[in-house]
Amino acid sequence: MADKQLSLPAKLINGGIAGLIGVTCVFPIDLAKTRLQNQQNGQRMYTSMCSSGAHLAGTGGSFGGERAERLEEAALPCPGLVPALPGTNPPQHDVPIGAAVNLTLVTPEKAIKLAANDFFRHHLSKDGQKLTLLREMLAGCGAGTCQVIVTTPMEMLKIQLQDAGRIAAQKKILAAQAQLSTQGGTQPAVEAPAAPRPTATQLTRDLLQSRGIAGLYKGLGATLLRDVPFSIVYFPLFANLNQLGQSASEEKSPFYVSFLAGCVAGSTAAVAVNPCDVVKTRLQSLQRGVNEDTYSGFLDCARKILRNEGPSAFLKGAYCRALVIAPLFGIAQVVYFLGIGETLLGLLQNPQP
């Protein structure tokens, strides 16, 4: 895809629109993925994506609110747990957990990623000739490196918000069990007041005050190790799959071919880098559940996961991530195919009388 004329503003608009649409469609699955990846063997709340998704869907868990946490507790397989008493307060807000952060920052993140790949492909091409596989991989590497400027703080905040419900539910379960043991199981446990759910603004302020700008970029190395290989795999694979639908070298593939190529390339790249995504998620989590390990760095985290949870732990949430990334990048390529950014810029430059 070596365009003779590269319009970066149009590419940025296309990437932003694609990111907004894609994240809106797949955010609940991303929430299930984060909770699956963060739980360790000490406290297993979910056994699969279906388990996590059923709890979230059945309790309104993809929407922020205390009711979701209370009903999650009642559904969890924990011996001796007393369900929450009726008549408690309803949810206080209905914003999807972490979605505001994702929707705010995904626009520049996807815009940078997709536009940077086009930029590097354009400048690595020679006289409009087809790029070699090595040059396609170099362009993807450049795109993945550029995007972490926005991706790292976005993921950092999103993970804290998405995992807050799991941590709160664990604490309430242990408090209820402790109360039952002290009372001899003769009286029902009384629900403790729910701690206020953190907000993205509050988290950002606390991180900046306690750790400076470096606090928002915790896990930068792990994010690079995930996003650079992802882009190296995704962009060349998409370009070659998409080319299969071209009847002539100068023609575009049909939109459904671009969509399917984006889905296949995205899911393949997502599963390939899932081990790095698991390590990144663990490193960026500031709060730990009961009996959960703490980590000093990427290698320490990978070593402890391998020793304590086995090799299969590196594939936690892999199918969730594939289900998130496949439509996200399929939609992105359809937006590119439609040329929404070029159309909008054309209307602004040549307004109709």
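Everything here concerns the structure above.
Presented here is an overview of the structure given in this document. Think of each chain on its own: its residues are numbered from 1, step by step along the sequence as written. For a predicted model such as this one, the threshold for reporting local features is a pLDDT of at least 70, and the threshold for listing and counting side-chain atom pairs is 80 or more; totals across whole chains, interfaces and linings nevertheless cover every residue. Note: side-chain values were computed over all heavy atoms of the structure, leaving out hydrogens and water.

Turning our eyes to something else, we now look at the overall build of the protein. Strands are runs of DSSP state E lasting at least two residues, helices are runs of H or I lasting at least four, and both sets are numbered from the N terminus onward. Within the protein, the regular secondary structure consists of 13 helices and zero strands. Reading the helices (α) and strands (β) of the protein from amino to carboxyl end gives α-α-α-α-α-α-α-α-α-α-α-α-α.

Turning to the nonpolar core, a few remarks are in order. Throughout this description, the term nonpolar core refers to a set of buried Ala, Val, Leu, Ile, Met, Phe, Trp, Tyr and Cys residues connected via side-chain atoms within 4.5 Å. Categorising residues by exposure relies on relative accessible area from a 1.4 Å probe, with only protein chains included: less than 20% of the type maximum marks a residue as buried, more than 50% marks it as exposed, and the intermediate range marks it as partly exposed. Among the nonpolar cores identified, the biggest contains 33 residues, and Leu114, Leu157, Phe230, Tyr234, Ile325 and Phe329 are the most heavily contacted of them. When residues in this core are grouped by element, the largest group, eight residues, is from helix α12 (residues 318–338). Phe329 has contacts with Lys110, Lys113, Leu114, Phe230, Tyr234 and Gly262, leaving out every residue within four places of it along the chain. One finds Val278, Val279, Ile305 and Phe314 within the second-largest nonpolar core, a separate group that totals ten residues. Here a residue-residue contact requires only that any non-hydrogen atoms of the pair lie within 4.5 Å.

Here we come to the side chain of Asn242. Tracing the sequence through the fold places Asn242 in helix α8 (residues 220–243). The exposure class assigned to Asn242 is buried, which follows from its relative accessible area of 12%. A distance of 2.9 Å separates the side chain of Asn242 from the side chain of Ser258, its partner in a polar contact. Polar contact is the term for a pair of N or O atoms within 3.5 Å; when the atoms are in protein, one must be able to donate a hydrogen and the other to accept it, and sequence-neighboring residues count only if both atoms are side-chain atoms.

All axes here are fitted lines through C-alpha atoms, helices being fitted over the stretch that makes contact, and every angle between N-to-C directions spans 0 to 180 degrees. Where helix α10 (residues 274–284) contacts helix α11 (residues 298–309), the axes come no closer than 10 Å and their chain directions differ by 105°. As judged from the angle between their axes, α10 and α11 are roughly perpendicular. Taken together, the residues of α11 that come into contact with α10 (itself represented by Cys276, Val278, Val279, Arg282 and Leu283) are Phe298, Cys301, Ala302, Ile305 and Glu309. Split by residue class, the contact of α10 with α11 holds eight nonpolar, no polar and two charged. Roughly parallel means an angle under 35 degrees; roughly antiparallel means over 145; roughly perpendicular covers 65 to 115; every other angle is labelled oblique. Classification used: nonpolar for Ala, Val, Leu, Ile, Met, Phe, Trp, Tyr, Cys and Pro, charged for Asp, Glu, Lys and Arg, polar for all others including Gly.

Further remarks concern the pattern of salt bridges. We define a salt bridge as a side-chain nitrogen of Lys or Arg found within 4 Å of a carboxyl oxygen belonging to Asp or Glu. Counting across every chain of the model gives twelve salt bridges. Glu109 is paired through a salt bridge with Lys110; the nearest N and O atoms lie 2.8 Å apart. One network of salt bridges, with partners in common, ties together Glu155, Lys158, Arg226, Asp227, Asp277 and Lys280.

To estimate the expected span of a helix, count its residues, drop one, and scale the result by 1.5 Å. Taking 1.5 Å as the rise per residue, α11 with twelve residues should run 16 Å; its terminal C-alpha atoms sit 16 Å apart, in good agreement. Summarising the contacts, the buried residues of α11 are in contact with α10. Backbone geometry just downstream of α11 places Gly310 in the positive-phi region, at approximately 85°.

A word on the environment of Glu292. With respect to the element layout, Glu292 can be found in the loop between α10 and α11. Residues Glu292 and Asn38, spaced 254 residues apart in sequence, show a C-alpha to C-alpha distance of 9.4 Å.

Any Phe, Tyr or Trp ring, taking Trp's six-membered ring, that has another such ring centre within 6.5 Å forms a pair; planes under 30 degrees apart are called stacked, those over 60 apart edge-to-face, and the others tilted. Applying the stated criterion to the full structure yields seven aromatic pairs. Pairing Tyr234 with Phe235 gives two aromatic rings, centres 5.0 Å apart and planes at 75°, and the pair type is edge-to-face. Taken as a pair, Tyr234 and Phe235 share a single burial class, namely buried. Following the ring pairs from residue to residue traces out a cluster consisting of Phe230, Tyr234, Phe235, Phe238 and Phe329.

This part is about helix α9 (residues 255–272). Spanning 18 residues, α9 covers 26 Å between terminal C-alpha atoms, matching the ideal 26 Å at 1.5 Å per step. Within α9, burial applies to Val257, Ser258, Ala261, Gly262, Cys263, Ala265, Gly266, Ala269 and Ala270. On its buried side, α9 packs onto α8, α10 and α12.

Using only the protein atoms, space was sampled on a 1 Å grid; points where a 1.4 Å probe fits but cannot get out form cavities, open sets with protein on both sides within 12 Å along at least five of seven lines form pockets, and lining residues are those with an atom within 4 Å of a point. Grid points are joined across faces, edges and corners, and a volume is the space filled by probe spheres set on the points. Overall, the coordinates contain three cavities of 30 Å³ or more when judged by the stated rule. As for the largest cavity, its lining consists of 24 residues, of which Lys110, Glu155, Arg321, Ile325 and Leu328 are closest to the centre. Those elements that place two or more of their residues in the lining of the largest cavity are α1 (8–38), α4 (99–124), α5 (133–183), α8 and α12. Split by residue class, the lining of the largest cavity holds ten nonpolar, three polar and eleven charged.

It is worth spelling out a nonpolar patch on the surface at this point. Only residues whose relative accessible area exceeds 30% and that take part in no salt bridge are eligible for patches, with like-charged residues grouped when within 9 Å of each other and nonpolar side chains (Val, Leu, Ile, Met, Phe, Trp, Tyr) grouped when within 5 Å. Method for areas: the Shrake-Rupley scheme with a 1.4 Å probe, in which residue coverage is limited to the protein chains shown. Together, Phe255, Tyr256, Phe259 and Leu260 line one region of the surface with nonpolar side chains, adding up to about 410 Å² of accessible area. With a relative accessible area of 46%, Phe255 lands in the partly exposed category.

Position of Phe235 relative to the elements: it lies in helix α8. Separated by 96 residues in sequence, Phe235 and Ala139 place their C-alpha atoms 8.2 Å apart. The contact partners of Phe235, leaving out residues within four places of it in the chain, are Lys113, Leu114, Asn117, Arg121, Gly140 and Ala143.

A few words on the side chain of Ser125. Here Ser125 is to be found in the loop between α4 and α5. Within polar-contact distance, the side chain of Ser125 engages the backbone oxygen of His122 at 2.8 Å.

Mapping Asn274 onto the fold places it in helix α10. Here Asn274 falls in the buried class, since its relative accessible area comes to 0%. Residues Asn274 and Phe314, 40 residues apart in the sequence, show an inter-C-alpha distance of 6.8 Å. Sequence-distant contacts of Asn274, that is, excluding residues within four places in its chain, are made with Gln37, Phe314, Leu315, Lys316, Gly317, Ala318 and Arg321.

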